[in-house]
Amino acid sequence: MQRILYIPFDQLHRDYGVLKGADKSTDVIAIIESQAMVTGANWHPERLFFLISSARHFAKDLRDEGFTVDYRKATNTPTGLQEIQKEHKGAPIICAEQSSFRLTEKLTAIDAEFIPNDFFLTPRDLFASWADSQKSYLMENFYRKQRVRLNILMEGDQPAGGAWNFDKDNRLPPPKNYTWPAYLEHTRDEIDTEVAKELKMSPTTTWATTRKGALAQLDYFIKHHFAHFGPYEDAMALDSWSLHHSLLSPYMNNGLLHPAEVIKAAEKAFKAGKVPIESAEAFVRQIIGWREYVNGMYWFLGPEYRNHNQLQATRKLLPLFEDPNKTQMNCIKSTVTDINDRAWVHHIPRLMLLSNLALVTGTNPQEFLEWMRRVFIDATDWVMVPNVIGMGVHADGGLMMTKPYAAGGAYISRMSNYCKGCIYNPKLRTGDTACPFTTLYWDFLDRHKETFAKNHRMSKQVFGLNRLSDLPELKERAQEVLEGLEKGLI
Ligand SMILES: Cc1cc2nc3c(=O)[nH]c(=O)nc-3n(C[C@H](O)[C@H](O)[C@H](O)COP(=O)(O)OP(=O)(O)OC[C@H]3O[C@@H](n4cnc5c(N)ncnc54)[C@H](O)[C@@H]3O)c2cc1C
Ligand code: SF4
């Protein structure tokens, strides 16, 4: 029987999803370039280029292998699929479970049939049964279970290296007088050029758009960065935009790489003695821990979770998020410039700079979420929603994280080299040269002190607030800073 096998832009892997059981002689592979997706938001051009070019390369690879591929531009995905279905006498549409609530709903409405989504290491129902058994959803507890269940970095029933985590070794600031490895450049081919022309943009050479390129990135990371990943994973440096991070999220998120392949390569390098345990563990934690946890939580918490705004944050998105010239804060200017350049910064600028700023300024979580989704190369609903709403801006009132990730300039100064060249001083909380993060951190605590007083993990901070002798002055400065940020002057 003829079937239409639908492959969305984030399931581009030959061995997983609906392609696993594909039959070249009867099946039609459907890939839809939805115009609603392309023009629906002011996406970062690099992101659109990456997604579209990867899908077109994938379609070509399947055709070369002998498949019938209908790669179609359509007003939206359901319409495109129904057009194809009409041309094939109403053949059934089969696909792997989608990665967002929205697409699931749309495909359900056209009677698509779903097979389980195997692009993750943890089935959704397995995660839900873990979460159901927990009082609080601590990632660390989930991660340890994953290590045992997947038998990764284990020596019998004990963790390799004698500990579950090496965080204490992995909080180094950026090294001084250090030579970072060169970046891997990805060359462009005819398909890339065609996509870039259609989008009227010129892509960087940062992101691969083929399976071959994604595998080369994995190999480059394992050879040149992996051994040093752990110690510097939280550092931020002006002289390197990616430090020793892997740059693999876009490929795991669009399917060009499967997380199992990444973990296998990492374990192999560790077992060959090429990587110390603190780096191996830190990296494995990100993939089998954080990545799987966030996807699990997205499905567990449900479609309404994204609308949480428990801190009642109503400020409109600040102009500095769109334009780095609208701020004098060195850390933010540099981060937003990096995003404009290549649609990526690592987890600490995302958390401790961008989200922290949205949190302490009381920026509306949904506006901030929409901006984050637009500008990152690896943004997808399942990963952005929990990371932003739960982890980044604490809009869920602590469902996911027991305390907000709010920090003043002291943290940023310790973990980066941004502050030296900044007109602000991370140590000051009042006065014209006070670091906006430092001022706003205390102001944020003060604004929410009643809520946080009930949280035992925040009691130390609230206690610190009560000891500030200059609180009235600080509150005045905070007002000036907020007004200045809104005008793009701070
Ligand atoms: C507010 C916020 C928003 C984020 N938005 C996204 C997003 O839209 N897409 C995305 O893939 N990641 C997101 N992350 C997680 C993380 O920042 C990126 O995965 C990482 O920076 C990607 O670069 P890398 O591949 O070099 O990662 P590495 O530092 O090399 O880490 C390896 C891998 O671990 C996984 N990982 C690590 N942390 C997380 C996490 N918190 N959630 C999910 N996976 C994780 C990623 O797959 C990543 O490729 C976000 C984190 C925060 C705090
Ligand atoms: S002083 Fe404050 S604003 Fe300036 S770079 Fe440091 S943390 Fe950022």
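All figures in this text were calculated on a predicted structure; none of them were measured in a lab.

Chemist: Please clarify how the pairing of strand β2 (residues 28–34) should be interpreted in this entry.
Modeler: Remember that side chains alternate between the two faces of the sheet whenever the strand is regular. For β2, the buried fraction is high: seven of the seven residues fall into the buried class. Here β2 shows two buried faces, one formed by V28, A30, I32 and S34 and the other by I29, I31 and E33. Judged from the three bridges that link them, strand β1 (residues 4–6) and β2 form a sheet pairing that is parallel. Looking across to β2, one finds that I4 is bridged to V28.

Chemist: What exactly am I supposed to notice about the packing of aromatic side chains here?
Modeler: Both the distance between ring centres and the angle between the ring planes are used here to describe each pair of aromatic rings. Going through the model one piece at a time under the given rule, you end up with 29 aromatic pairs. Measuring from ring centre to ring centre gives 4.5 Å for F101 and W299, while their planes differ by 55°; the resulting arrangement is tilted. In this pair, F101 is assigned in helix α4 (residues 101–109) and W299 in helix α12 (residues 277–301), connecting sequence segments 198 residues apart. Taking 4.8 Å as the distance between ring centres and 90° as the angle between the ring planes, the aromatic pair formed by F120 and W382 counts as edge-to-face.

Chemist: Which parts of the structure should I look at to understand the sheet that holds strand β3 (residues 68–74)?
Modeler: The strands making up a sheet are joined through hydrogen bonds of the backbone, oriented either antiparallel or parallel. Read across the sheet, five strands follow the order β3-β2-β1-β4-β5 without closing on themselves; strand pairing throughout is parallel. The sheet is open, and its two borders are formed by β3 and β5 (113–115), each paired with just one other strand. In this sheet, neighbouring strand axes are inclined to one another by 30° on average, regardless of whether the strands run parallel or antiparallel. Across two bridges, β1 lies against strand β4 (residues 93–96) in parallel orientation. For L5, the partnering residue across the bridge sits in β4 and is I94.

Chemist: Looking at this structure, I do not really get the site of ligand 1. What am I missing?
Modeler: Every one of the 29 residues lining ligand 1 counts as a neighbour, but H245, S246, L247, S249 and N253 are closest to it. One of the backbone nitrogen or oxygen atoms of D378 is found 2.9 Å away from a nitrogen atom of ligand 1. Considered on its own, ligand 1 offers 800 Å² of accessible surface; in the complex 98% of this is hidden by protein. When residues of the shell around ligand 1 are traced back to their parent elements, those giving at least two are α10 (249–254), α12, α15 (347–361) and α17 (381–392). Among the elements that make up the shell around ligand 1, the one with the highest residue count is α12 (six residues). Here the shell around ligand 1 is composed, by residue class, of 16 nonpolar, 10 polar and three charged.

Chemist: Teacher, can you tell me more about the pattern of salt bridges here?
Modeler: Opposite charge on two side chains lets them pair, provided their charged atoms get close. Within this structure, the stated rule accounts for 33 salt bridges. Linking R124 and E97 is a salt bridge whose minimum nitrogen-to-oxygen distance equals 3.9 Å. Of this pair, R124 sits in helix α5 (residues 124–132) while E97 sits in the loop between β4 and α4, and the two are 27 residues apart along the sequence. Taking relative accessible area as the criterion, R124 reaches 24% and is therefore assigned partly exposed.

The rules we used
Each chain carries its own residue numbering, running from 1 in the direction its sequence is written. Labels are handed out in written order, letters beginning with A for the chains and numbers beginning with 1 for the ligands. Only residues with pLDDT of at least 70 get local features here, since the model is predicted, and only at 80 or more are side-chain atom pairs given and counted; chain-wide, interface and lining totals rely on the full set of residues. Side-chain measures here rest on the full set of heavy atoms in the structure, leaving out hydrogens and waters. Buried residues are those whose accessible area, probed at 1.4 Å on protein chains only, stays under 20% of the maximum for their type, while exposed residues exceed 50% and partly exposed ones sit between those limits. Secondary structure elements follow DSSP: runs of H or I no shorter than four residues count as helices, runs of E no shorter than two count as strands, and numbering proceeds from the N terminus. In this analysis, strands are considered paired if DSSP registers two or more bridges between them. Put simply, two rings from Phe, Tyr or Trp (the six-membered ring, in Trp's case) pair if the centres are within 6.5 Å, and we call them stacked under 30 degrees between planes, edge-to-face over 60, tilted for the rest. Fitted lines through C-alpha atoms serve as axes, helices being fitted only where they are in contact, and the angles separating the N-to-C directions of these axes extend from 0 to 180 degrees. Nearness is defined per residue: one heavy atom within 4 Å of the molecule or strand is enough. Counted as a polar contact is a pair of N or O atoms within 3.5 Å, where, for protein atoms, one must be capable of donating a hydrogen and the other of accepting one, and residues adjacent in sequence contribute only when both atoms are in side chains. Each accessible area is a Shrake-Rupley result for a 1.4 Å probe, and residues are judged covered by the shown protein chains and nothing else. Each residue is assigned to one of three groups, with Ala, Val, Leu, Ile, Met, Phe, Trp, Tyr, Cys and Pro labelled nonpolar, Asp, Glu, Lys and Arg labelled charged, and all others, Gly among them, labelled polar. By salt bridge we mean one thing: a side-chain nitrogen of Lys or Arg within 4 Å of a carboxyl oxygen of Asp or Glu.

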